[in-house]
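Spelled out, the chains give:
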Amino acid sequence: MALFLGMVAFPVSAMADHPNLSKIGPVLQHPWGMDFLNDDTILVTERRGNLFRINLATGNAHQIGNMPDVYHKRQGGLLDVLVDGEWIYLCYSAVLDGGSSTAIDRARLDTQRRNLIDRTTIFTANRPTRSGHHFGCRMAIPRTGQQAGYLFASLGDRGDRNNAQDAAVHAGSIIRIHPDGRIPTNNPKGDDTKIDSPKFDNWLPEIWSIGHRNPQGMAVHPDTGDIWTHEHGPRGGDEINRITGEPFAGGTNYGWPTVSHGREYATGRQVSKQKTRAGYADPKWVWDPSIAPSGMAFYPQDATMFADMQGHLLVGSLKFRQLWLVRLSDGSPRDEQVVMDRAIGRVRDVAVAPDGSILLLNDEASGGVWRISR
């Protein structure tokens, strides 16, 4: 299926120098994830199960065939997409006996770039449930640093907070696997792990870290290759965490729900009596009130279109329909600023194009791809 919609430009009034905001390509229904196929082409998922190839220069879009069946219920469906060389990775809620679990497929495009071929499921989370909540489903493969070449993926707790502290359950964790689905032998529960502690006896071999609620942002630091994530808290307590890099490594517990800044939806009471505790990693940044973060990208140091953003984090907000800039100093967040305010609706994903422009996905029933440029 080929689609086209001419690009329309608007000013971004919340940014000081009023850059242009342009809509690219067709209307998409609840788009969720995107990645670059090449410098001028992206792949974009729709939660209902569709994948589109969109040309950023012309707006031409083609729907890709041979997609997996997805559990399209509430927050579930076809979620993230990741491109690594010839391989395309899809993170989605798979239809299984007992409901659904987060799954990852690997495939390639055919020569006409119209259909997926050689599609194989390389990971499926255990203990499926009929819940439509908290799938997580962001992916990244670092290309530099100690974690180069590994596939990381986030898994939400599926609406059951106890999962996040149970390493015998995939839900509520970050996993690390090889791109073909093999399990690294140096994972916390790997065959040649250097971690000698009985607390890892029940860990599933794919799990890298636990204690996560619903991580819907994942980004690779362009210089160090470290993995950063953010995740939804309940009322208050949205977090940014660094998942790899000193001092954090495999086997780290990020706290949910034992340690949390968040409050219960129903009562407003603190989820945990403690916001920090020995043996648990503290978040790098906390939002209270919550912004409902989704999508995250580092703005490269060598990108010049928005020089004041170099080396800092861009984060989308679903709740406030904003784009946030989280500025870093000495490797940690120091302050934040809203750089786009209610211009396109719910911001689901964020990416930086090779020319330094910023791409956004608007997660609405009549959503789509937007670009901020000057």
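Quick caveat, the model's predicted, so the values are computed rather than measured.

Moving on to empty space enclosed by the protein. Taken as a whole and judged by the stated rule, the model has two cavities of 30 Å³ or more. In this structure, the largest cavity spans a volume of roughly 60 Å³. If you trace the largest cavity, you find 13 residues lining it, with Val-259, Lys-275, Ala-281, Asp-282 and Pro-283 closest to the centre. Here the residues of the lining of the largest cavity sort into five nonpolar, four polar and four charged. Every residue lining the second largest cavity is listed: Arg-213, Glu-231, His-232, Gly-233, Pro-234, Gly-237, Glu-239, Trp-256, Val-259 and Ser-260. Here the lining of the second largest cavity is composed, by residue class, of three nonpolar, four polar and three charged.

Take the side chain of Arg-47 next. If you trace the backbone, Arg-47 turns up in the loop between β5 (41-46) and β6 (50-55). Its relative accessible area of 12% is what places Arg-47 among the buried residues.

Once that is clear, we can look at the pattern of salt bridges. Working definition: two side chains of opposite charge can pair if their charged atoms are close together. Tallied over the full model, the rule gives 17 salt bridges. Two residues, Arg-161 and Glu-264, come together in a salt bridge whose shortest N-O distance is 2.9 Å. Here the residue Arg-161 occupies a position in the loop between β13 (151-155) and β14 (173-177), and Glu-264 occupies one in the loop between β19 (252-253) and β20 (285-287), the gap between them amounting to 103 residues. Assessed through its relative accessible area of 31%, Arg-161 is described here as partly exposed. A salt bridge links Asp-288 to Arg-263; the nearest nitrogen and oxygen atoms lie 3.0 Å apart. Pair noted here: Asp-288 is in the loop between β20 and β21 (293-298) and Arg-263 is in the loop between β19 and β20, with a separation of 25 residues, a long-range link.

Attention now goes to the sheet that holds strand β16 (residues 215-220). Pairing is antiparallel in the open sheet, where four strands are placed in the order β16-β17-β18-β20. If you trace the sheet from one side to the other, it starts and ends with β16 and β20, each paired once. Between one strand and the next, the sheet's axes are offset by a mean angle of 15°, whatever the strand orientation.

Let's shift gears to the sheet that holds β21. Here we have four strands laid out as an open sheet, ordered β21-β22-β23-β24, and antiparallel in their pairing. Two strands bound the open sheet, and with one partner strand each, they are β21 and β24 (332-341). Neighbouring strand axes in the sheet, compared pairwise and without regard to direction, differ in orientation by 25° on average.

Locating Ser-260 in the fold gives a position in the loop between β19 and β20. In the structure, Ser-260 is positioned 22 residues away from Asp-282 in sequence and 9.2 Å away in space, judged by C-alpha atoms. In this structure Ser-260 touches Gln-270, Val-271, Ser-272, Gln-274 and Lys-275, once residues within four positions along its chain are discounted. In terms of polar contacts, Ser-260 uses its side chain to reach the backbone amide nitrogen of Gly-262, at 2.9 Å.

Where strand β23 (residues 322-329) lies against β24, eight bridges are found, and the strand directions are antiparallel. Bridge assignment links Val-326 to a residue of β24, and that residue is Glu-336. Between β23 and β24, which pair antiparallel in sequence order, lie two residues; one of them, Asp-330, sits at a positive phi of approximately 55°.

Another point: the environment of Gly-268. Mapped onto the fold, Gly-268 is located in the loop between β19 and β20. Given the relative accessible area of 25%, Gly-268 is considered partly exposed. Separated by 64 residues in the primary sequence, Gly-268 and Ser-332 have C-alpha atoms spaced 29 Å apart. Once you skip the residues sitting within four places of it in the chain, Gly-268 turns out to touch Arg-235 and Arg-263.

Before going further, it helps to examine the confidence of the model for the chain. Counting all residues, the mean pLDDT for the chain is 93, and 93% of those residues have values of 70 or more. Between residues 1-11, whose pLDDT stays under 50, and residues either more than four places distant or in other chains, the model counts 35 contacts.

Take Arg-143: it is sitting in the loop between β12 (136-140) and β13. For Arg-143, a relative accessible area of 60% translates into the label exposed. Distance in space between the C-alpha atoms of Arg-143 and Asp-84 is 9.6 Å, their sequence separation being 59 residues. Apart from residues lying up to four places away in sequence, Arg-143 is in contact with Val-83, Asp-84 and Ala-148. There is a polar contact of 3.3 Å between the side chain of Arg-143 and the backbone oxygen of Val-83. One polar contact links Arg-143 to Asp-84, side chain to side chain, over a distance of 3.1 Å.

Counting 25 residues, the largest nonpolar core has Tyr-89, Ile-104, Phe-123, Met-139, Leu-151 and Ile-175 as the members making the most contacts within it. Counting residues per element, this core draws most heavily on β13, at three residues. With 20 residues, the next largest nonpolar core counts Leu-21, Ala-297, Leu-323 and Val-350 among its residues.

The rules behind each value
- Residues numbered from 1 in each chain as written.
- Predicted model: local features only at pLDDT ≥ 70, side-chain atom pairs only at ≥ 80, totals over all residues.
- Heavy atoms only, no water.
- 1 Å grid on protein atoms, 1.4 Å probe; cavity = no way out; pocket = protein on both sides within 12 Å on 5 of 7 lines; lining within 4 Å.
- Points joined across faces, edges and corners; volume = space filled by probe spheres on them.
- Nonpolar A, V, L, I, M, F, W, Y, C, P; charged D, E, K, R; others polar.
- Helix = DSSP H or I, 4+ residues; strand = E, 2+ residues; numbered from the N terminus.
- Buried < 20%, exposed > 50% of the residue type's maximum accessible area, 1.4 Å probe, protein only.
- Salt bridge = Lys/Arg side-chain N within 4 Å of Asp/Glu carboxyl O.
- Pairing = 2+ DSSP bridges.
- Axes fitted to C-alpha atoms, helices over the stretch in contact; angles between N-to-C directions.
- Contact = heavy atoms within 4.5 Å.
- Polar contact = N/O pair within 3.5 Å; in protein donor to acceptor, adjacent residues only side chain to side chain.
- pLDDT = per-residue confidence, 0-100.
- Core = buried A, V, L, I, M, F, W, Y, C linked by side-chain atoms within 4.5 Å.

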